[in-house]
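Summary of the model geometry
In case you want the letters, here they are:
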Amino acid sequence: MPELRQNFFTKEWVIIATERAKRPEELATHRAAQSTPQFVESCPFCPGNESKTPPEVMRMGEPWEVRVIPNKFAALSSEVQPTRGLQHLRRRIQGFGFHEVIIDTPDHSQCMALMSDEHVGKVLIAYKQRYNTLSADHRVNHITIFKNHGLDAGASLQHGHSQLIATPVIPSQVRQRLHEALRHYDDAGECMFCHMVEREVEEQTRVVLKNEHFVAMEEFASATPFATHVFPLRHMASFGDITETEIMSLARMLRVLLAKIYVGLENPDLNFTIRSGPAEYAGARHFHWYVSVIPRLTRVAGFELGSGMFINTVLPEAAAEFLRQVSIDKAAAAGE
Ligand SMILES: [Zn+2]
Ligand SMILES: [Zn+2]
């Protein structure tokens, strides 16, 4: 029978529609395998074309292994000040912010699911450094780090890259969730995420992967099939506080998880995003950062737009079971 489940954090209700239930493998993309070259002459992110991008703000390795550049088509500009204006009910702020591109690798054909753990670690180190550097700017109120993999996930360039957008405001969706977490802390005297993670690890049914520092799990009230969250086991409110050891541990888990999705669902388009409390939340007891990995297997339609409520056709428990069983190649499995 269908079931409504409530997300413990966002309080959104989700319809888990078992009547229309799909077996996880039915959602695989079945896309024809393409061979992607390692170097594309016209690609601005390929080595040798560095002059086609704005001057870099960070590079790792020589020759470079990871590069960070300002986005050439930035959504926001660091050249203006976040001056606020209010006229009647119309509130506006000058379009201040930072929009950066992290070029994950010099190899045009690589994607994170197929990289070495060590290289994914380097990308995460670049995320952390840019996160902490930009967080120190008092005009920045929130930073989103995200990846769009594939056309349906919004990637306009094929060469593997991630993005960071620093905004002068805290998005209301984020603010609402911070309030919810604070309310729980006030009521129960504990971090709601620590509590949830502890229970899920005990119950196992929605857990996909676990190592010393992280756990990857399907959400109980997952809005879309295979939406997977990776939580640090240690309480930490801000991504900026991750240690070097934890970065390598997260790199290993993220790469294995992405490889399982890549193999099991045949390289679907996907987004992932790091959901961190704002920088000044470092040390906060009520919030807990995590990585959200969302394969783009279904389309948002009228009901979702009209109600904000999602219909998920795959049981989160079945998705976890499926991902646990996907075997990735030997090299990849070494990271498990
Ligand atoms: Zn390229
Ligand atoms: Zn916590």
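**A closer look at the coordination of the zinc ion (ligand 1)**
Here the zinc ion (ligand 1) is held by the protein donor atoms Cys 43 (SG), Cys 46 (SG), His 108 (ND1) and His 159 (ND1), which lie 2.0 to 2.3 Å from it. Coordination at the zinc ion (ligand 1) comes from four donor atoms whose angles at the metal span 106 to 118°, giving a geometry best classed as tetrahedral. Counting along the primary sequence, the residues that act as donors to the zinc ion (ligand 1) give the motif C-x2-C-x61-H-x50-H. For the pair Cys 43 and Cys 46, a shared accessibility class is recorded, and that class is buried.

**Notes on the sheet that holds strand β1 (residues 3-6)**
Spatially, β1-β2-β15 is the arrangement adopted by the three strands of the open sheet, whose pairing is mixed. The outermost strands of the open sheet, each flanked by one partner alone, are β1 and β15 (310-312). Between one strand axis and the next, the sheet turns through 30° on average, direction left out of account.

**As for the coordination of the zinc ion (ligand 2)**
Listed as protein donors to the zinc ion (ligand 2) are Cys 191 (SG), Cys 194 (SG), His 235 (ND1) and His 288 (ND1); their distances from the metal cover 2.1 to 2.3 Å. Bound by four donor atoms, the zinc ion (ligand 2) shows angles of 107 to 112° at the metal and therefore tetrahedral coordination geometry. Linear spacing of the donor residues for the zinc ion (ligand 2) on their chain is C-x2-C-x40-H-x52-H. Taken together, the residues span a long stretch of sequence, with Cys 194 in helix α3 (residues 192-203) and His 288 in the loop between β13 (270-275) and β14 (290-295) at a distance of 94 residues.

**Quick word on the packing of helix α1 (residues 117-135) against helix α4 (residues 244-264)**
Contact geometry of α1 with α4 gives a least axis separation of 8 Å together with a crossing angle of 120°. Taken together, the axes of α1 and α4 are oblique relative to one another. Judged by the sense of rotation from one axis to the other, the crossing of α1 with α4 is right-handed. In contact with Asp 117, Glu 118, Val 120, Gly 121, Leu 124, Ile 125 and Lys 128 of α1, α4 contributes Ile 247, Met 248, Leu 250, Ala 251, Arg 252, Leu 254 and Arg 255. Taken together, the residues of the contact of α1 with α4 sort by class into eight nonpolar, one polar and five charged.

**So, the side chain of Arg 177**
As for its position among the elements, Arg 177 is in helix α2 (residues 172-188). No salt bridge is formed by the buried Arg 177; the nearest opposite charge belongs to Glu 12, separated by 6.4 Å. Once residues within four sequence positions are removed from consideration, Arg 177 is found in contact with Phe 9, Thr 10, Arg 275 and Tyr 290.

**Let's talk about the nonpolar core**
With 58 residues, the main nonpolar core has Tyr 127, Phe 226, Leu 257, Phe 272, Trp 289, Val 291 and Val 293 as its most contacted residues. The leading source of residues in this core is α4, at 10 residues. When neighbours within four sequence positions are excluded, Phe 272 is seen to be in contact with Met 112, Tyr 127, Ile 145, Phe 146, Lys 147, Leu 254, Leu 258, Val 291, Ser 292 and Val 293. One finds Leu 178, Cys 191, Met 192 and Phe 287 within the second-largest nonpolar core, a separate group that totals 20 residues.

**Looking at the pattern of salt bridges**
Under the defined criterion, the tally for this structure stands at 19 salt bridges. Note that Lys 122 and Glu 118 form a salt bridge whose closest N and O atoms lie 3.9 Å from each other. Here Lys 122 pairs with Glu 118, and both are found in helix α1, just four residues apart, close to one helical turn. Note that Asp 137 is salt-bridged to Arg 139, the shortest N-O span being 2.7 Å. In terms of burial, Asp 137 and Arg 139 fall into one category: buried. Here the salt bridges do not stand alone but share partners, grouping Glu 3, Arg 5, Glu 200, Glu 203, Arg 206 and Glu 317 into one network.

**Some words on the sheet that holds strand β4 (residues 66-70)**
Spatially, the 10 strands line up as an open sheet ordered β3-β4-β7-β9-β8-β13-β14-β12-β11-β10, and their pairing is antiparallel. The sheet is open, and its two edges are formed by β3 (58-60) and β10 (207-210), each paired on a single side. For this sheet the average axis-to-axis angle between neighbouring strands, irrespective of direction, equals 15°. When β3 meets β4, the two strands line up antiparallel, connected through three bridges. When the bridges of β4 are listed, Met 58 appears paired with Val 68. The strands touched by α3 are β10, β11 (214-218), β12 (228-232) and β14; relative to β11, the strand with the most contacts, the crossing angle is about 80°.

**Quick word on the packing of aromatic side chains**
Summed over all chains, the structure comprises 14 aromatic pairs. Ring geometry for Phe 9 and Phe 193: centres 4.7 Å apart, planes at 75°, overall edge-to-face. Of the two residues, Phe 9 is situated in the loop between β1 and β2 (13-16) and Phe 193 in helix α3; the sequence distance between them amounts to 184 residues. Exposure class is identical for Phe 9 and Phe 193. Each is buried.

What counts and what doesn't
- Residues numbered from 1 in each chain as written.
- Chains lettered and ligands numbered in written order.
- Predicted model: local features only at pLDDT ≥ 70, side-chain atom pairs only at ≥ 80, totals over all residues.
- Heavy atoms only, no water.
- Donors = N, O, S within 2.8 Å, 3.2 Å for Na, K, Ca; no water.
- Tetrahedral: all angles 85-135°; square planar, octahedral: opposite > 155°, others 65-115°.
- Buried < 20%, exposed > 50% of the residue type's maximum accessible area, 1.4 Å probe, protein only.
- Pairing = 2+ DSSP bridges.
- Helix = DSSP H or I, 4+ residues; strand = E, 2+ residues; numbered from the N terminus.
- Axes fitted to C-alpha atoms, helices over the stretch in contact; angles between N-to-C directions.
- Parallel < 35°, antiparallel > 145°, perpendicular 65-115°, else oblique.
- Left-handed = near helix turned anticlockwise from the far one by under 90°.
- Contact = heavy atoms within 4.5 Å.
- Nonpolar A, V, L, I, M, F, W, Y, C, P; charged D, E, K, R; others polar.
- Lys, Arg positive; Asp, Glu negative; His and termini not counted.
- Salt bridge = Lys/Arg side-chain N within 4 Å of Asp/Glu carboxyl O.
- Core = buried A, V, L, I, M, F, W, Y, C linked by side-chain atoms within 4.5 Å.
- Phe/Tyr/Trp six-rings, centres within 6.5 Å; stacked < 30°, edge-to-face > 60°.

Remember, this is a structural readout, not a statement about activity or role.
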